[in-house]
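Structural description and commentary
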Amino acid sequence: VYRCVPDKQRSFALGVQSVFLRLLGTVPGPILFGVAIDNSCTLWDINECKTKGACWVYDNERMAYLLMGISAACKIVTIIFVVMAVCLYKPP
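Criteria and thresholds
Residues numbered from 1 in each chain as written. Predicted model: local features only at pLDDT ≥ 70, side-chain atom pairs only at ≥ 80, totals over all residues. Heavy atoms only, no water. Phe/Tyr/Trp six-rings, centres within 6.5 Å; stacked < 30°, edge-to-face > 60°. Lys NZ or Arg CZ within 6 Å of the ring centre and 35° of its normal. Disulfide = S-S within 2.5 Å. Helix = DSSP H or I, 4+ residues; strand = E, 2+ residues; numbered from the N terminus. Buried < 20%, exposed > 50% of the residue type's maximum accessible area, 1.4 Å probe, protein only. Pairing = 2+ DSSP bridges. Axes fitted to C-alpha atoms, helices over the stretch in contact; angles between N-to-C directions. Parallel < 35°, antiparallel > 145°, perpendicular 65-115°, else oblique. Left-handed = near helix turned anticlockwise from the far one by under 90°. Contact = heavy atoms within 4.5 Å. Nonpolar A, V, L, I, M, F, W, Y, C, P; charged D, E, K, R; others polar. UniProt positions renumbered as here; feature names shortened; annotations may be inferred.

**Focus: the packing of aromatic side chains**
Centre-to-centre distance and the angle between the planes together describe a pair of aromatic rings. Summed over all chains, the structure comprises 0 aromatic pairs. Here K52 stacks its cationic end above the ring of W44, 4.4 Å away from the centre of that ring.

Following this line, the structure appears as structure tokens:
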């Protein structure tokens with residue numbers, strides 16, 4: 001970030017970078033992993049009102065595949081973006 005922006009805009013650029021890292025790094029991760037954990041549940045606690053409660057039994061193999069798939073997909077996307085950045089960066 002320091003080399004890509006003028007000297008007067010460095011603090012603003014770091015702030016924008018921090019916001020994007022927070023939005024893209026901390027918000028979707030727990031949501032995706034929560035969905036994967038919920039999808040691997042085989043037996044839910046259902047009360048009298050027919051609403052789902054906590055999970056009683058998980059399919060461990062399915063959970064392992066889902067969590068590993070999410071991690072591998074994120075790593076592949078990261079590698080693609082790093083390669084694109086290296087190839088498309090033109091020094092000023």
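Moving on, there is more to tell.
**Some points on the state of the cysteines**
Taken as a whole, this structure holds 1 disulfide when the rule is applied. Here C41 engages in a disulfide with C55; their sulfurs sit 2.0 Å apart. Measuring handedness by torsion sign, the sulfur bridge of C41 and C55 sits at about 105° and is right-handed. Here C41 is found in strand β1 (residues 41-46), whereas its partner C55 is found in strand β2 (residues 52-58), with 14 residues between them in sequence. Neither residue differs from the other here; C41 and C55 are each classed as buried.

**Section: the pairing of β2**
Alignment of β1 against β2, held across 4 bridges, turns out to be antiparallel. Residue W44 lies in a different strand from β2, and its bridge partner there is C55. In textbook terms, the turn of a hairpin is the stretch between consecutive antiparallel strands, and for β1 and β2 this stretch comprises 5 residues, one of which, K50, has a positive phi near 65°.

**Some remarks on the packing of helix α2 (residues 28-39) against helix α3 (residues 60-88)**
Packing of α2 against α3 brings their axes to within 9 Å, and their N-to-C directions diverge by 160°. Considering the angle they form, α2 stands roughly antiparallel to α3. As for how α2 packs across α3, the hand of that crossing is right-handed. Across the interface between the two elements, L32, F33, A36, I37 and N39 of α2 pack against R62, M63, L66, L67, I70 and S71 of α3. Along the lines of polarity and charge, the residues of the contact of α2 with α3 split into 8 nonpolar, 2 polar and 1 charged.

**Quick notes on the side chain of S40**
The residue S40 is located in the loop between α2 and β1 in this model. Look at S40 and you get buried, because its relative accessible area is 1%. Leaving out residues up to four positions away in the same chain, S40 has contacts with V57, Y58, D59, R62, M63 and L66.

**So, the environment of V16**
Position of V16 among the secondary structure elements: in helix α1 (residues 10-26). Taking C-alpha positions, V16 is 25 Å from S71, a pair spaced 55 residues apart along the chain.

**Remarks on the UniProt feature "transmembrane region" (unreviewed entry) in the chain**
Listed under "transmembrane region" (unreviewed entry) in the UniProt record, and renumbered for this structure, are residues 66-89. Secondary structure content for residues 66-89 is 96% helix and 0% strand, and the end C-alpha separation is 34 Å.

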